[in-house]
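# Coordinate inspection notes
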Amino acid sequence: MDSKKTGVYHEKQKLQFCLLHALNNLFQQQEAFTRARLNEISGKLVLEDPSKKTWTPFSIVFKPHHNAFTGNYDINVLIAALEEKDKTVVWHDRRNAASTIDLDGADDSLFGIVLNVPARRYALLWKGRHWITMRKIGGVWYNLDSDLPKAMPFESTREVRGFLDYVLSNGGEVLLVMNQKE
C-alpha cells in the first residue's frame, strides 16, 4: 500500500532528528514541529530547570536536552512538545503486555503511540536510541518509523500488539499519546 495513495504522511530520517520526524508523522503534517521549535523547547526546559548544570565548553554541542549538531532530542522535549498540542504522555508499564493497551477504544482518547527503541548505526559503531511513531489512520494502524522507506500498515490489531510486545521485550519503551479530556 503506497502512502501517497492512502494519504498517509511519512517523513523520512535525516541525521538524528528522529524525534522531529516522529512528531511530524504523529501529527500527519510537515512542519507540525520544526527543528527551530524543538530547539526553543529544549532551551526553555534548561531555563526552567532548578538544578541547572554549570556551563562547560562542551555545552555548545551537548546541551541538556539535545545534541546541537545531530538532533537527538530527549523525552522532556517530546513531552513539552506534545503538551503544546494538548496531548499527554502515558508511559506504558513494561511489566504488562501490549494486550493491556486499548488500541480500538471508541472514546478517541488514544491519539497515537511513540516508541523509543535501542538503535545501532554507522556500521554498528554508534549505539543510541531511536524515536518511532505509530498511528491509526482511517481505521488502520501504521508504523511511521522514519527509517522505513514508506509508512507500513499493520494487517490487524493483533499484529500491532505483537510488534509492541517485541519492542518491549527488546528494551524499547512504549509511550501512549493521549488526547486531553476537557
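Just so you know, these numbers come straight off a predicted model, no measurement behind them. (Residues numbered from 1 in each chain as written. Predicted model: local features only at pLDDT ≥ 70, side-chain atom pairs only at ≥ 80, totals over all residues. Heavy atoms only, no water.)

### Focus on the packing of aromatic side chains
- All chains considered together, the criterion is met by three aromatic pairs.
- Considering the side-chain rings of F27 and F111, the 5.2 Å spacing of their centres and the 40° angle between planes classify their relative orientation as tilted. Of this pair, F27 sits in the loop between helix 2 (18–26) and helix 3 (35–48) while F111 sits in strand 4 (residues 110–121), and the two are 84 residues apart along the sequence.
- Aromatic pair F154 and F163: ring centres 5.6 Å apart, planes at 50°, arrangement tilted.
- The ring centre of F33 lies 5.2 Å from the NZ or CZ of K85, which sits over that ring.
- When the ring centre of F111 is taken as reference, the NZ or CZ atom of R135 above it lies at 4.1 Å. (Phe/Tyr/Trp six-rings, centres within 6.5 Å; stacked < 30°, edge-to-face > 60°. Helix = DSSP H or I, 4+ residues; strand = E, 2+ residues; numbered from the N terminus. Lys NZ or Arg CZ within 6 Å of the ring centre and 35° of its normal.)

### Some details on the nonpolar core
- The biggest cluster of nonpolar side chains holds 24 residues, and the ones touching the most others in it are L23, F27, F33, L38, I41, L78 and W131.
- Of all the elements in the fold, those that place two or more residues in this core are helix 2, helix 3, helix 4 (75–84), strand 4 and strand 8 (173–179).
- If we skip the residues at most four places from it in the chain, L23 touches F33, L38, L78, A81, L82 and T133.
- Judged by nonpolar contacts, the second largest core, of 18 residues, contains A98, F154, L168 and L176. (Core = buried A, V, L, I, M, F, W, Y, C linked by side-chain atoms within 4.5 Å. Buried < 20%, exposed > 50% of the residue type's maximum accessible area, 1.4 Å probe, protein only. Contact = heavy atoms within 4.5 Å.)

### A few points about the confidence of the model for the chain
- Confidence in the prediction of the chain, expressed as mean pLDDT, is 81, and 74% of residues score 70 or more.
- Below pLDDT 50 for its whole length, residues 55–62 participates in eight contacts with residues either more than four positions away or in separate chains.
- When the criterion is pLDDT under 50, residues 64–70 qualifies, and its contacts beyond four places in sequence or with other chains add up to 30 contacts. (pLDDT = per-residue confidence, 0-100.)

### Remarks on the UniProt feature "active site" (unreviewed entry) in the chain
- The feature "active site" (unreviewed entry), as annotated in UniProt, sits at C18, H130 and D145 in this numbering. Sequence-wise these annotated residues cover 128 residues; spatially they are packed, their C-alpha atoms never more than 9.1 Å apart.
- Within the secondary structure layout, C18 lies in helix 2.
- Not counting chain neighbours up to four residues away, the residues in contact with C18 comprise Q13, R129, H130, W131 and S146.
- Mapping D145 onto the fold places it in the loop between strand 6 (140–143) and strand 7 (152–153).
- Judged by relative accessible area, D145 falls into the buried class, the value being 11%.
- With near-sequence residues (within four places) excluded, D145 lies in contact with H10, H130, I132 and T133. (UniProt positions renumbered as here; feature names shortened; annotations may be inferred.)

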